[in-house]
Amino acid sequence: MSDSDVPKTNGTPVKPPGTQIRRRAGGAAARPNSSRAAGAGGSSNTMLKLYTDDSPGLRVDPFIVLVLSLAFIGSIFFLHISAKIIRLFSK
């Protein structure tokens with residue numbers, strides 16, 4: 001089909017109903033697709049407040065958290081080993 005075969009109205013070609021492409025709504029009003037994009041311009045009062053000195057709550061050094069978590073893992077390991085040893089001697 002060539003351009004001469006397409007019917008024209010006032011000099012502009014008439015297209016079939018399914019060939020027009022609609023544009024999306026304006027860029028500023030569109031919702032972001034991800035939470036990362038939402039946080040970029042969204043509320044800075046949620047995540048950032050966790051890492052500031054103004055946040056209320058318990059302040060613990062990261063080294064202390066590391067030591068306590070390793071101690072917890074060690075205690076669970078010790079309980080498993082001791083349970084196997086107790087079961088071995090109780091038979």
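Small disclaimer: the values here were computed from a predicted structure and weren't measured. (Residues numbered from 1 in each chain as written. Predicted model: local features only at pLDDT ≥ 70, side-chain atom pairs only at ≥ 80, totals over all residues. Heavy atoms only, no water.)

**Student:** What is the right way to look at the overall build of the protein in this model?
**Tutor:** Each helix and strand in the protein was counted, giving two helices and two strands. Going from the N terminus to the C terminus, the protein shows its helices and strands as β-β-α-α. For the protein, the proportion of its 91 residues judged to be buried stands at 2%. Summed over its atoms, the accessible surface of the protein is roughly 9,300 Å², and 62% of this surface lies on carbon and sulfur atoms. (Helix = DSSP H or I, 4+ residues; strand = E, 2+ residues; numbered from the N terminus. Buried < 20%, exposed > 50% of the residue type's maximum accessible area, 1.4 Å probe, protein only. Areas by Shrake-Rupley, 256 points an atom, 1.4 Å probe, with all protein chains shown as cover.)

**Student:** What am I meant to see in the confidence of the model for the protein here?
**Tutor:** When pLDDT drops low, the exact placement of atoms in the prediction is not to be read closely. Scored by pLDDT, the protein comes out at a mean of 74, with 46% of its residues at no less than 70. Looking at the elements of the protein, mean pLDDT is at its lowest for helix H1 (residues 35–41), recorded as 55, and at its highest for helix H2 (residues 62–89), recorded as 96. (pLDDT = per-residue confidence, 0-100.)

**Student:** Help me understand H2, please; the structure alone is not making it clear to me.
**Tutor:** Three or four residues apart is the spacing at which side chains of an α-helix point the same way, because the helix has 3.6 residues per turn. Under the 1.5 Å per step criterion, the end-to-end length of H2 is 41 Å for 28 residues, consistent within 8% with the ideal 40 Å. Counting buried residues in H2 gives one out of 28 residues, a small share hidden from the surface. (Expected span 1.5 Å × (residues − 1).)

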